[in-house]
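Spelled out from the first residue to the last, the chains are:
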Amino acid sequence: GDSVTQTEGLVTLTEGLPVMLNCTYQSTYSPFLFWYVQHLNEAPKLLLKSFTDNKRPEHQGFHATLHKSSSSFHLQKSSAQLSDSALYYCALSESNYNVLYFGSGTKLTVEP
Amino acid sequence: GPKVLQIPSHQIIDMGQMVTLNCDPVSNHLYFYWYKQILGQQMEFLVNFYNGKVMEKSKLFKDQFSVERPDGSYFTLKIQPTALEDSAVYFCASSFGTGTGQLYFGEGSKLTVL
């Protein structure tokens, strides 16, 4: 079945350093991939969504590229900010009804 | 932006009792979802609902679970009877259409079954 793997449970970085959060997936079809972000005591919100035409989605300085050959959709940012501290979920969807299957999440902590 | 409201934010009940979790989705949305997150684990899909019907459900959506949205009011998740393993945070989400992945989530309802 479909699955999403996020290998890092916790990532701690110093402000200004680059961010890379890993996401790989298994799917029978060609799914859409997403990154959702959840700040403390808030609801999860969509951060990025993969495109079908190899465009690289970007939002709030974050970007991710879907690599079908390696089944990956890693999240990157060139310079971490304190406000980036949050829980990040990679998710995939291939159903007609928008059902999202989430990875286990990566907690990013950015320190001064 | 659009908000999904969940009531209650916390509920503590005894095993075997019934609980109803309420969700007020974004007003023009048509698709509704429940996800379950046990502490320290990932969010797992339970069920989605459209046009008065369950469209997909997972193995976690046991027979004791039911969902409904009577007359466009709250989208509810009812568990009857509850079990200890039902303790979790339940997230409601809604979306306008399909294929976009743009789900709007509530802040969750934390259920503790004693």
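The following refers to the structure shown.

Rules used in this analysis
- Residues numbered from 1 in each chain as written.
- Chains lettered and ligands numbered in written order.
- Predicted model: local features only at pLDDT ≥ 70, side-chain atom pairs only at ≥ 80, totals over all residues.
- Heavy atoms only, no water.
- Pairing = 2+ DSSP bridges.
- Helix = DSSP H or I, 4+ residues; strand = E, 2+ residues; numbered from the N terminus.
- Axes fitted to C-alpha atoms, helices over the stretch in contact; angles between N-to-C directions.
- Salt bridge = Lys/Arg side-chain N within 4 Å of Asp/Glu carboxyl O.
- Buried < 20%, exposed > 50% of the residue type's maximum accessible area, 1.4 Å probe, protein only.

## Considerations on the sheet that holds strand 9 (residues 75-77) of chain A
Residue and element names in this part refer to chain A.
Consideration 1: With antiparallel pairing, the 4 strands of this open sheet are ordered in space as 3-9-8-7. Edge positions in the sheet fall to strand 3 (19-21) and strand 7 (58-59), since each has one partner strand and no second.
Consideration 2: Bridge count for strand 3 against strand 9 is 3 bridges, and the pairing is antiparallel. Opposite M20, over in strand 9, you have Q76 as the bridge partner.

## Some thoughts on the sheet that holds strand 3 (residues 19-24) of chain B
All names here are of chain B.
Consideration 1: In space, the 4 strands of this open sheet follow the order 1-3-8-7, with antiparallel pairing throughout. Two strands lie at the open edges of the sheet, namely strand 1 (5-7) and strand 7 (65-68), each paired on one side alone. Strand-to-strand twist of the sheet, defined as the mean angle between neighbouring strand axes without regard to direction, takes the value 15°.
Consideration 2: Inspection of the sheet shows strand 7 paired to strand 8 (residues 75-79) by 4 bridges, in the antiparallel sense. Considered in strand 8, the bridge of E68 is made with T76.

## A few points about the pattern of salt bridges
Residue and element names in this part refer to chain B.
Consideration 1: By the definition in use, this model includes 3 salt bridges over all chains.
Consideration 2: In this structure, D86 engages K62 in a salt bridge whose closest nitrogen and oxygen atoms are separated by 2.9 Å. Residue D86 is found in the loop between strand 8 and strand 9 (88-95), and its partner K62 is found in the loop between strand 6 (53-57) and strand 7; the two are separated by 24 residues along the sequence.
Consideration 3: Overall, K62 belongs to the partly exposed group, its relative accessible area being 24%.

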